[in-house]
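# Summary of structural features
Next come the chains, spelled out residue by residue.
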Amino acid sequence: MTTEDEYKKLLERAREGLPSKTEPAEEVRFEMPKFESFIEGSQTLIKNFTDVARKFERDPAHMQKYLALETGARGELEAHRLRLNTAKNNAFLNQKLETYANEFVICKECKKPDTELRMVDGVPWIKCRACSAKYPIRKI
Ligand SMILES: [Zn+2]
């Protein structure tokens with residue numbers, strides 16, 4: 001047996017001693033919430049708007065502002081729904097939701113969604129609960 005073989009054996013043994021590679025619960029991939037919407041005349045109703053905001057732990061008003069900027073249309077919250085003053089299909093809105101999540105929810109360091117949005121001296125910051133990263137983001 002060469003020293004190399006012995007070394008490999010040793011490595012194998014070391015690996016066997018390690019805990020199995022099952023992922024802990026928090027490693028389970030985050031399931032991106034999706035908008036459920038329909039077009040009504042020249043408007044769009046997002047039925048589960050506040051549900052999605054809650055899953056992201058974001059103020060619905062912040063998400064609403066983002067959609068207004070992206071669509072150039074005004075929106076109005078009606079209980080848990082958002083009425084947008086433009087006709088946009090569900091796929092388009094979910095694309096916007098994804099870009100929103102990437103910019104304002106998902107941590108750019110660890111890619112986890114466990115973040116908080118906080119205002120510090122008028123500047124919005126993302127604070128990640130998973131990896132403790134902190135960084136300022138675009139104000140909308
Ligand atoms: Zn993080």
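Residues numbered from 1 in each chain as written. Predicted model: local features only at pLDDT ≥ 70, side-chain atom pairs only at ≥ 80, totals over all residues.

Let us now look at the nonpolar core. Residues Phe35, Ile46, Phe49, Val52, Ala53, Met63 and Leu97 are the most contacted members of the largest nonpolar core, which totals 19 residues. Those elements that provide at least two residues to this core are α2 (49-56), α3 (60-71), β4 (81-84), α4 (90-104) and β6 (123-128). Among the elements that take part in this core, α2 stands out by supplying four residues, more than any other. A domain-level breakdown of this core finds at least three residues from each of domain 1 (32-105) and domain 2 (107-140). Each residue touching leucine 97, except ones within four places of it in the same chain, is listed here: Phe35 and Val52. (Core = buried A, V, L, I, M, F, W, Y, C linked by C-beta atoms within 7 Å. Buried ≥ 20, exposed ≤ 12 C-beta atoms within 10 Å, placed from the backbone. Helix = DSSP H or I, 4+ residues; strand = E, 2+ residues; numbered from the N terminus. Domains from an automatic or database assignment. Contact = placed C-beta atoms within 7 Å.)

Turning to the environment of arginine 74, a few remarks are in order. With respect to the element layout, arginine 74 can be found in the loop between α3 and β3 (75-78). Take arginine 74: there are 12 C-beta atoms within 10 Å of it, and that puts it in the exposed class. Leave out the neighbours within four places in its chain, and arginine 74 touches Ala68 and Asn85.

In the sheet, strand β5 (residues 115-120) pairs with β6 via six bridges, with the strands oriented antiparallel. Each bridged residue has a counterpart across the sheet, and for glutamate 116 the counterpart in β6 is lysine 127. Connecting β5 to the next strand, β6, in antiparallel fashion are two residues, including aspartate 121 with a positive phi near 50°. Relative to strand β7 (residues 134-136), β6 runs antiparallel, the two being bridged by three bridges. Directly across from isoleucine 126, in β7, lies its bridge partner tyrosine 135. Counted along the chain from β6 to the antiparallel partner β7, the turn is five residues long, and its residue serine 132 has a positive phi close to 70°. (Pairing = 2+ DSSP bridges.)

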